Amino acid sequence: MPAAIYVFDAYGTLFDVHSAIGKHRDKVGPDADRMSEVWRTKQLEYSWTLTLSGQYQDFWALTGQALDFALARFPSVDKGLKPQLMDAYYKLGAFPDAKDTLRRLRDKGCRTGILSNGSPAMLKGAVEAAGLGDLLDAVLSIDSLKMFKPRPEVYDLVINFFRCRHDEVAFISSNRWDVMGAANVGFKPVWINRAGNPDEYGKAERVVTSLSALPDLAV
């Protein structure tokens, strides 16, 4: 049975996490790309370690802490840029094919949503900045559960909202560990492998290189 509901991860999938530093590349300087990678890596690391230890801070707080680490790791970058970088993260740019992909899925009669580690406020900021609000039936945050993906309980937020079966949901993420988590609960996951990374966590059943391939993909 084809998927009737398409649920997207937000950060790295619909929204370009590296666009925040990209917006201030000239001010950040030659370490911009490496610093952006460290910022993202630490942000995710903190979410996993807190969940494993039974603790919780929201994703906006972790994003700020990860940026503090990245700024300390690259002392050539002016620490005074932090407010500008955080503001840019709050208003992250969407990938160029995000809006059209959502519109095409909606035109096919599919329901669409986001399931994200992001806090409600930061998700609202990104969705509004990208102009995606009218193309989404739901924007679901893990904040209500106080734990991060890939905990199985998080993915059930989708089931509870849409009142659907797991096999009715196509879950789309650029994060391979997130794809694994979605497969583990019985969703139909699609890995957006823009970077051409090697597979892991077993073999991904559905792999595409861009969001624009989704409306024509058999899921």
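Definitions and cut-offs
- Residues numbered from 1 in each chain as written.
- Predicted model: local features only at pLDDT ≥ 70, side-chain atom pairs only at ≥ 80, totals over all residues.
- Heavy atoms only, no water.
- Helix = DSSP H or I, 4+ residues; strand = E, 2+ residues; numbered from the N terminus.
- Contact = heavy atoms within 4.5 Å.
- 1 Å grid on protein atoms, 1.4 Å probe; cavity = no way out; pocket = protein on both sides within 12 Å on 5 of 7 lines; lining within 4 Å.
- Points joined across faces, edges and corners; volume = space filled by probe spheres on them.
- Nonpolar A, V, L, I, M, F, W, Y, C, P; charged D, E, K, R; others polar.

**Q** It is not clear to me how unusual backbone geometry should be interpreted in this structure. Could you clarify?
**A** Most peptide bonds take the trans configuration, and most residues that are not glycine carry a negative phi. In the segment running from K149 into P150, the intervening peptide bond is cis, with an omega of 10°. Relative to the assigned elements, P150 resides in the loop between strand 3 (138-141) and helix 8 (152-162). Located in the positive-phi region is K146, a residue other than glycine, with phi close to 60°. With respect to the element layout, K146 can be found in the loop between strand 3 and helix 8.

**Q** Could you clarify how one ought to interpret the environment of S47 in this entry?
**A** Relative to the assigned elements, S47 resides in helix 3 (residues 32-52). C-alpha separation for the pair S47 and P150, spaced 103 residues apart in sequence, amounts to 10.0 Å. Sequence-distant contacts of S47, that is, excluding residues within four places in its chain, are made with F59, L62, N117 and F148.

**Q** For this particular structure, what's the right way to read the layout of surface pockets?
**A** Over the atoms rolls a probe the size of a water molecule, and its path tells where empty space is left. As a volume, the largest pocket reaches approximately 540 Å³. Lining the largest pocket are 23 residues, with E37, R40, S174, N175 and N197 sitting closest to its centre. Counting only elements with at least two residues in the lining of the largest pocket, the list comes to helix 3, helix 9 (176-184) and strand 5 (188-192). A total of five residues in the lining of the largest pocket trace back to one element, the largest contributor, which is helix 3. Here the lining of the largest pocket is built from residues that sort into 10 nonpolar, seven polar and six charged.

Remember, this is a structural readout, not a statement about activity or role.
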